[in-house]
Amino acid sequence: MKNKTDQKEERLSNDNLLKMKKIKELSEENFVLLRPIEGTQEGYYLNYCRVYDYAELFSILKSTLNVCILALEEQQDLTLDIKNKESDVKRVLEFAKNLIPLEEGIYLDEMRKLMLSQEEDIN
């Protein structure tokens, strides 16, 4: 027959196993935007960024360059060729918004809850 200490340790061990399983599930579900680079280089790459076609991609790149030109105050003569300043800025901001890793944010919120509940169990 197990004593109370053994029972408590076994319960904590089972709780830890369940939490580790939950961590793994959350990680697989939510770590989707950044993927590790294989090989000799270290770092991550963006898994995807949605564009509809090459024309949209090139338009976004052109808008990004236009916004950079607009940011350079001393380059006023170059801004004369930029016809749709507002739409360029809007397009760049929409593109940047798509780069925000919301899934990873969800993961961090869930992980925080899980880890804080683990601390409460220990105390």
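Just so it is clear, the structure is predicted and the values come from calculations on it, not from any experiment. (Residues numbered from 1 in each chain as written. Predicted model: local features only at pLDDT ≥ 70, side-chain atom pairs only at ≥ 80, totals over all residues. Heavy atoms only, no water.)

Enquirer: Teacher, can you tell me more about the nonpolar core here?
Expert: Inside soluble globular proteins, nonpolar side chains tend to come together where they are buried. Membership of the largest hydrophobic core is limited to 5 residues, which are I23, L26, Y107, M111 and L114. Elements that contribute at least two residues to this core include exactly α1 (4-30) and α4 (102-122). Of all the elements, α4 adds the most residues to this core, at 3 residues. (Core = buried A, V, L, I, M, F, W, Y, C linked by side-chain atoms within 4.5 Å. Buried < 20%, exposed > 50% of the residue type's maximum accessible area, 1.4 Å probe, protein only. Helix = DSSP H or I, 4+ residues; strand = E, 2+ residues; numbered from the N terminus.)

Enquirer: Before we go on, may I ask you to explain the packing of aromatic side chains in this structure?
Expert: Given two aromatic rings, their pairing is described by the distance between the two centres and the angle made by the two planes. Scanning the entire structure with this criterion turns up 1 aromatic pair. For the pair Y54 and F58, a centre-to-centre distance of 6.0 Å together with 35° between the ring planes defines the contact as tilted. Taken as a pair, Y54 and F58 lie in helix α2 (residues 54-71) at a separation of 4 residues, close to a single helical turn. Take Y54 and F58: they sit in the same class, and that class is exposed. (Phe/Tyr/Trp six-rings, centres within 6.5 Å; stacked < 30°, edge-to-face > 60°.)

Enquirer: Mind showing me how you'd approach the packing of α2 against helix α3 (residues 85-98) here?
Expert: A pair of packed helices can be characterised by two numbers: the angle between their axes and the separation between those axes. Where α2 contacts α3, the axes come no closer than 8 Å and their chain directions differ by 115°. The angle between α2 and α3 places the two elements in the roughly perpendicular class. When you trace α2 past α3, the crossing you get is left-handed. Judged by residue contacts, S59, I60, S63, T64, N66, V67 and L70 of α2 engage K85, D88, V89, R91, V92 and F95 from α3. For the contact of α2 with α3, a count of residues per class yields 6 nonpolar, 4 polar and 3 charged. (Axes fitted to C-alpha atoms, helices over the stretch in contact; angles between N-to-C directions. Parallel < 35°, antiparallel > 145°, perpendicular 65-115°, else oblique. Left-handed = near helix turned anticlockwise from the far one by under 90°. Contact = heavy atoms within 4.5 Å. Nonpolar A, V, L, I, M, F, W, Y, C, P; charged D, E, K, R; others polar.)

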